[in-house]
Amino acid sequence: MIIIPTSTEHLLAAAARNNAEWCAAVSRSGHFRDALWCSPRRTPPLYPDAVTLTPGATAAEVLAGVDTAAPGCSVKDSFAALDLTSAGFEVLFEAQWIHRPPGPSAPPTGRLEWHELEAPGELAAWETAWNGGESTGLFHEGLLREGIVFLAGRDGSRITAGAVLSTGGGVVGVSNVFAHDAHDHADADAAWAAALDAAARHWPELPVVGYEHGEDLDTAARAGFTPLGPLRIWLHTA
C-alpha cells in the first residue's frame with residue numbers, strides 16, 4: 001500500500017527519497033541508510049554521491065559514505081541543514097523543492113509533438129538533445145525497464161524538449177526538464193505541461209514533486225508548482 005504524503009514535512013521527505021531513488025537508478029550504485037543514500041564510488045557527472053533523506057542526517061554520516069579522495073564528490077543536502085565547509089566542500093548552488101497536488105492537467109499546447117520513449121535506442125537521441133549535443137550513455141536502457149518515463153518533444157524529427165518522470169516515496173518526481181529552442185517561454189511551459197499531463201495519466205493519485213532554481217523555478221511556478229523548502233548542493237573542492 002502506497003502512503004501518499006500530504007503535509008509539507010512529509011512531502012519534503014518524499015521528494016528527497018524520490019530523488020535519491022532516481023539518482024540510484026541512474027548511477028547503478030550506492031545504498032540506502034536510514035538518513036541518506038550514498039555511493040562509495042564516484043557517480044556520473046551531474047549526479048550526487050549522497051542525498052540526505054532526513055533533516056537529522058549528520059555531516060559525519062555523509063562523509064562516512066562517500067569518497068572525498070577522488071575529485072568531484074558532491075552531496076545533495078536535501079534540507080539545507082548541513083555545514084560541510086570544514087570537510088573541504090563549497091556550496092555549488094541552492095534550489096527549492098517544489099510540489100503540485102495530484103489531479104488532472106491540461107495537455108501541452110504549441111508547435112511540439114510529444115511522446116514517451118519506448119525503444120532503448122531512443123535514449124541516445126534524447127540524451128543528445130538534453131545535454132546539447134552529445135550522448136555518453138548516462139541514461140542506460142535499464143531505466144525504461146524500471147518504469148521511468150522519458151518524454152520527448154519533437155520539432156519535426158528533432159527532439160528539442162523533454163522531461164523525466166519517476167516514482168518513489170509515494171510521489172512522482174519530475175526532473176531533467178529542458179527546452180532548448182524556447183520561444184517566449186512557450187516550449188519550456190509545454191515541457192512542464194507535458195510532464196504533468198503524463199503524471200496525471202500514469203499516476204493520477206500521486207502528488208508531483210521536483211526541485212528547481214532560477215528561471216526554471218519561475219517556469220515551474222507557472223505550471224502550478226509551489227515551493228516546499230530549500231536544498232543545497234555541496235561540491236568537494238579541497
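Refer to the structure printed above.
Values in this document were obtained by computation on a predicted structure and should not be read as measured data.

Caption draft 1: Fine view of the overall build of the protein chain. Broken down by element type, the protein chain carries 6 helices and 11 strands. The C-alpha atoms of the protein chain give 17 Å as radius of gyration, which agrees with the globular expectation for 238 residues (18 Å, within 12%). The C-alpha extent of the protein chain, read off along each of the three principal axes, is 50 × 40 × 35 Å. The proportion of buried residues among the 238 residues of the protein chain is 50%.

Caption draft 2: Local environment of the nonpolar core. By size, the foremost hydrophobic cluster in this structure holds 25 residues, and its most contacted members are Trp 22, Trp 126, Phe 139, Leu 143 and Phe 150. Of all the elements in the fold, those that place two or more residues in this core are α1 (8–27), α3 (122–130), α4 (142–145), β7 (149–155) and β8 (158–168). The element contributing the most residues to this core is α1, with 6 residues. Core analysis: the next-biggest nonpolar cluster, separate from the first, contains 20 residues, Ile 98, Val 149, Trp 192 and Trp 203 among them.

Caption draft 3: Focus on empty space enclosed by the protein. Considering all chains together, one arrives at 1 cavity of 30 Å³ or more under this definition. Approximately 50 Å³ is the volume found for the largest cavity. Taken together, Arg 100, Pro 101, Pro 102, Gly 103, Leu 196, Ala 199, Ala 200, Trp 203, Pro 204, Leu 206 and Val 208 make up the full set of residues lining the largest cavity. For the lining of the largest cavity, the leading source of residues is helix α5 (residues 186–202), giving 3 residues. Taken together, the residues that form the lining of the largest cavity break down as 9 nonpolar, 1 polar and 1 charged.

Rules used in this analysis
- Residues numbered from 1 in each chain as written.
- Predicted model: local features only at pLDDT ≥ 70, side-chain atom pairs only at ≥ 80, totals over all residues.
- Heavy atoms only, no water.
- Helix = DSSP H or I, 4+ residues; strand = E, 2+ residues; numbered from the N terminus.
- Rg over C-alpha atoms; globule rule 2.2 N^0.38 Å.
- Buried < 20%, exposed > 50% of the residue type's maximum accessible area, 1.4 Å probe, protein only.
- Core = buried A, V, L, I, M, F, W, Y, C linked by side-chain atoms within 4.5 Å.
- 1 Å grid on protein atoms, 1.4 Å probe; cavity = no way out; pocket = protein on both sides within 12 Å on 5 of 7 lines; lining within 4 Å.
- Points joined across faces, edges and corners; volume = space filled by probe spheres on them.
- Nonpolar A, V, L, I, M, F, W, Y, C, P; charged D, E, K, R; others polar.

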